[in-house]
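These are the residues of each chain, in order.
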Amino acid sequence: MLRARRQRPAAVREDHGRMLRLDIEGMRAIAVGVVLAFHAGLPWFAGGFVGVDVFFVLSGFLITGLLAREVALTGRVRIGNFWARRVKRLLPASATVLAFSALVTYVWLPITQREDFGGDIVSAALYVVNWRLADRSVDYLAEDVGASPVQHYWSLSVEEQFYVIWPLLMVVVAVVAAKRWKVGAFGVLGLVTVTSFAWSVEQSHSNPGTAFFVSTTRIWELGIGALLALSATRVSRLPGALRAIGGWGGIAAIAYATLFFDGSTTWPGVNALVPTLGAALMIASGITAAPYSPQRLLSARPMVWIGGLSYSIYLWHWPMLVAAQAKYPDLRLRWTVLLMILSIVPAWFCHKLIENPIRFGTPFKPTSRALGIGAALTALGVGIGFALNASVAVGTVEKAAPADSPGAAALDDPANAGVVWSDIKAVDKMRPLAFQATKDRPPQYDNRRECQVLDGSSEPVECDFGDRAGAHTVVIVGDSKMVQWQTALSSIAKDQNWKLVQFAKSACAFADISTGNADGDNCRAWGKATMARILDMKPDLVIVSNRHGTAAPQHARNTSRRSREAMVDGLANYWKRVTDAGIPLVSLEDNPLPPEDRLVYECVARHPQELNRCSFDRKRAIEESGAPSQRAAAERVPGVKTVDLSGTICPDRDRCPAVIGNVLVYRQGSHLTTTFVDSAKPRLSAALWRATDGLFGANA
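Rules of the game
Residues numbered from 1 in each chain as written. Predicted model: local features only at pLDDT ≥ 70, side-chain atom pairs only at ≥ 80, totals over all residues. Heavy atoms only, no water. 1 Å grid on protein atoms, 1.4 Å probe; cavity = no way out; pocket = protein on both sides within 12 Å on 5 of 7 lines; lining within 4 Å. Points joined across faces, edges and corners; volume = space filled by probe spheres on them. Helix = DSSP H or I, 4+ residues; strand = E, 2+ residues; numbered from the N terminus. Nonpolar A, V, L, I, M, F, W, Y, C, P; charged D, E, K, R; others polar. Buried < 20%, exposed > 50% of the residue type's maximum accessible area, 1.4 Å probe, protein only. Pairing = 2+ DSSP bridges. Core = buried A, V, L, I, M, F, W, Y, C linked by side-chain atoms within 4.5 Å. Contact = heavy atoms within 4.5 Å. Patch = residues over 30% accessible without salt bridge, like charges linked within 9 Å, V, L, I, M, F, W, Y side chains within 5 Å. Areas by Shrake-Rupley, 256 points an atom, 1.4 Å probe, with all protein chains shown as cover. Salt bridge = Lys/Arg side-chain N within 4 Å of Asp/Glu carboxyl O. Polar contact = N/O pair within 3.5 Å; in protein donor to acceptor, adjacent residues only side chain to side chain.

Caption draft 1: A look at empty space enclosed by the protein. Considering all chains together, one arrives at 4 cavities of 30 Å³ or more under this definition. The space that makes up the largest cavity amounts to roughly 50 Å³. Going through the elements one at a time, α4 (79–108), α5 (114–125) and α18 (367–390) are the ones with two or more residues in the lining of the largest cavity. Here the lining of the largest cavity gets 4 residues from one element, more than from any other, and that element is α4. Split into classes, the residues belonging to the lining of the largest cavity amount to 7 nonpolar, 3 polar and no charged.

Right, here's the structure in full:
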């Protein structure tokens, strides 16, 4: 009798004519639970992001199981029916939350981010937002783009792309392999899984930002579940005790990953094997009954109930959190936890009133009708995103033509003598418009992105501008604060038939320093390699600039302790090596820095009739920039000259304006708009002419 009880069938329940494995519902509860705990900020759940990896394995297992059963019974896969079921399962709730996310963006989030997030909603509706987020993750100048309310749709995009491709492969395998279709499917999927895993390992180290989001580095996780589904019969023959031990081991693996992994863990790559194999072991333990397996725990009513709502909970919790944190930036932990729990409420209503009626309702059973509903819901999501984009331009200041936006040139117009730019309350025209500020950047960020080396790389990239056939060469080197001047410097170089060579790396000063961040070793290696290239090149002039005014002391164990002295030492060390080689060097001082809690262009968007509210303290802006360290380093190295354009960027005595001569001054963070930089070209050229004794630039 005892033996018979232990061999009872796996816990299942009939649900709308299908048999539901209750332990899998419990696994979904665990997956969504750790994700919510992670997003709430609970300190013991720093690795809660692994819940998504568990979902991937579950999806691969369940979907492949459905397809395999259909092929086994009929010898084919009805693609239309399969996609119709996926449409009814996923799109009704997805489209509802996309609409809610658009509302969150419109009401609570910065006006200038509507365009970005509207595009995210369009991409989410088309299930390609993971690729859009991957592209943004390596955009150094996307620093001001906050958390998208549909950011969590990236994982749904990965799954949907799998649902499109994998059934088509199954059809091909079923035709080609015929009676041995399962062996063929296992071979094809095994090859895809292994290849994806290898690519994931490589990309997680070389391109961690994109590796997190793109499908090519994630498909192997669904592949693990799919391979398990194809081998379920063989797995069920394993000793029950062994599978039970594996099930508990799987729970332990997911718990370990949740508790001990964090944002610094290389991901996905090898580390993702811990939760994914853990999930596979848990699934395997419940394929058939096994004594003492975790099946009873996972099949508990609360677990099954949460698991049934997990998809809706996953959709609803994130935009709710984004809205709350936008309204209350200092939201405390207890409130974020409460908010995550409360996300169950709209999830339940969505599940009962939208998901299930469409998924199981008789009117929606015909395949053609279901696919039509899918097309309509996709179109709705796309339309919502485009409408959000269009709302940005409503009521904004008119965009100025070049002739009506002199920018820095207005400072030299006698008609503007005595104007206090930071006191101006409104302008009729402006360029760029506030919501377009982030796009007003050097063209190289769009058409020559390799010219600014990103995190994770230390190899210098040499990019030529100006007169590329010029007999004389000027090198510009530094971080994005150097790159922001490239268009004006390139124009000056063309005027004088000089070649302009750029060496740039994100957030890395051209200095012998420790940056104190995760990319510090790459910054140091990049700097040394760039120095060698410059000394070998022997240019006629080097111009340097950088953002940060502090650095970690050399050989310090605690690299988080930064000081201005360390930065000055590092800058002076490198600059002296250049000047000792007989190469003139000019330091283009960092521009005044807006307060950290203020995005100038967002302020302008919100207060177009009160621009004076967007100005900020001049003295503090200069002191907190990289300029003081650059000036101090120049004083230590004989022959180094400095160019200070703070009088152009902040022409008033006490405050820095947001708009000068109908031109918006700042874009991302502390970067200048390219429109303003180009308008300042005559002043920059004159300053360089003075600093180089007429070698480069032109006298005003």
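Okay, back to it.
Caption draft 2: Summary view of unusual backbone geometry. In this structure, the amide linkage connecting W267 to the following residue, P268, adopts the cis form with an omega of 0 degrees. Relative to the elements of secondary structure, P268 occurs in the loop between α12 (240–260) and α13 (273–285). In this model, R431 is joined to P432 through a cis peptide bond whose omega is -10 degrees. With respect to the helices, strands and loops of the structure, P432 is situated in the loop between β4 (429–430) and α19 (444–447). A positive phi angle, close to 55 degrees, is found at D693, a residue other than glycine. Along the chain, D693 turns up in the segment after α29 (681–691).

Caption draft 3: Examining the pairing of strand β7 (residues 472–478) more closely. In terms of residue burial, β7 counts as a mostly covered element, since 6 of its 7 residues are buried. Pairing of β7 with strand β8 (residues 498–505), which is carried by 7 bridges, proceeds in the parallel orientation. Its bridge partner lying in β8, V477 is registered against F503.

Caption draft 4: Spatial organisation of the nonpolar core. Y153, W154, M170, W181 and L228 are the most contacted members of the largest nonpolar core, which has 102 residues in total. If we skip the residues at most four places from it in the chain, L228 touches F61, V235, A280, I283, A284 and I287.

Caption draft 5: Quick look at a nonpolar patch on the surface. A cluster of nonpolar side chains, namely W305, W335, L338, L342, V345, W348, F349 and L353, defines an oily patch on the protein surface of about 820 Å² accessible area. Only α16 (333–342) and α17 (344–360) provide two or more residues apiece to the nonpolar patch. Sort the elements by how many residues they give to the nonpolar patch and α17 lands first, with 4 residues. Note on placement: W305 falls in helix α15 (residues 301–327).

Caption draft 6: Region of the structure containing the side chain of R441. With respect to the helices, strands and loops of the structure, R441 is situated in the loop between β4 and α19. The class of R441 is buried, set by a relative accessible area of 12%. Separated by 3.0 Å, the side chains of R441 and D446 make a polar contact.

Read these as spatial facts, not as claims about activity.
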